[in-house]
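Observations on chain architecture
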Amino acid sequence: KHSTTQPTGAHQSDLGSRVISDRDDGIPIFKANGCNMADVYDKTLQAANYSRKYSAPSLVLYQELIRRFGHAATDRQHAYLNADVVNRMAESDVVASGIVQAAEQWNALTYSEARDRFEEIGEMVKDSFDVAAEEPKITSREDMLDRVSQPMVSVPQLP
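Below is a summary of the structure that appears in this document.

The end-to-end C-alpha distance of helix α3 (residues 94-105), which contains twelve residues, comes to 15 Å, matching closely the 16 Å that a straight helix rising 1.5 Å per residue would cover. Within the sequence span of α3, burial applies to Gly98, Gln101, Ala102 and Ala103. Each element contacted by the buried residues of α3 is listed here: α1 (37-54) and α4 (111-134). Capping of α3 at its N-terminal end is provided by Asp93; its side-chain oxygen lies 3.1 Å from the backbone amide nitrogen of Val95. The positive-phi residue at the C-terminal boundary of α3 is Asn107, with phi of around 50°.

Here it is as C-alpha cells:
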C-alpha cells in the first residue's frame, strides 16, 4: 500500500485542478499532450512536485503521441492500417514539433542552433556505434553470462 502521507480529502484540494483524474488506488494522474513540450514539462513538474511533497507516487500519462512505425521490424502495418493512416503516422514527428515550439514560441534557440546540435548528437551516436562495433563479440552462453550476470555465489542448503 502507498504511504499514509498521500493526500486524501483535505490534502487533495492542495492540488486543485492540476490533478486531472485519480485512479481507484488514489494515485493522481497528470495528463500531458506528448506533442506539446510545454505541457509535457508542466505536467511532469507537477507530478514530481506532488511526489516530493507527499512522498507518494504520481503518474504522468503522455497522450496524443503517434506511433510512427510498427512495433518491430517484422510488423506489417499495411496489413491492418490503410495507407493514409500509415502516411500520417510517418509524417508525425514529436521531436520536430518540439524544435518548432522551442524556436518559434519560446525563442529558446534558432533553427541553425537546432541543426548544429542535431549534427553534434549524430556524430556522438556514430562515434558510439564505432566504439561498440570494436568491442569483443559475444559468441557463447558463457560470454553472455560473463557480460551481464553477477558472479555466482554458493548458497547454503537449508536443513
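Next comes the rest of the account.
Two descriptors summarise a pair of aromatic rings, namely the distance from one centre to the other and the angle between the planes of the rings. Enumeration over the complete set of coordinates arrives at two aromatic pairs. Plain terms: the ring middles of Tyr50 and Tyr54 are 5.2 Å apart, the flat faces sit at 50° to each other, and that makes the pair tilted. Residue Tyr50 and its partner Tyr54 are located together in helix α1, separated by four residues, close to a single helical turn. Accessibility expressed as a relative area gives 5% for Tyr54, which makes it buried. Among the aromatic residues, those joined into a ring-pair cluster are Phe30, Tyr50 and Tyr54.

This brings us to the pattern of salt bridges. Counting across every chain of the model gives seven salt bridges. Where Glu120 meets Arg117, a salt bridge forms, and the shortest distance between an N and an O atom there is 2.9 Å. Taken together, the residues Glu120 and Arg117, both in helix α4 and three residues apart, mark about one turn of the helix. We classify Arg117 as partly exposed; its relative accessible area is 41%. Three or more residues joined by partner-sharing salt bridges are found here, namely Asp39, Asp42 and Lys43.

Here we take up the nonpolar core. The biggest cluster of nonpolar side chains holds five residues, and these are Phe30, Ala47, Tyr50, Tyr54 and Ala56. Here this core gets three residues from one element, more than from any other, and that element is α1.

The rules behind these values
- Residues numbered from 1 in each chain as written.
- Predicted model: local features only at pLDDT ≥ 70, side-chain atom pairs only at ≥ 80, totals over all residues.
- Heavy atoms only, no water.
- Helix = DSSP H or I, 4+ residues; strand = E, 2+ residues; numbered from the N terminus.
- Expected span 1.5 Å × (residues − 1).
- Buried < 20%, exposed > 50% of the residue type's maximum accessible area, 1.4 Å probe, protein only.
- Contact = heavy atoms within 4.5 Å.
- Polar contact = N/O pair within 3.5 Å; in protein donor to acceptor, adjacent residues only side chain to side chain.
- Phe/Tyr/Trp six-rings, centres within 6.5 Å; stacked < 30°, edge-to-face > 60°.
- Salt bridge = Lys/Arg side-chain N within 4 Å of Asp/Glu carboxyl O.
- Core = buried A, V, L, I, M, F, W, Y, C linked by side-chain atoms within 4.5 Å.

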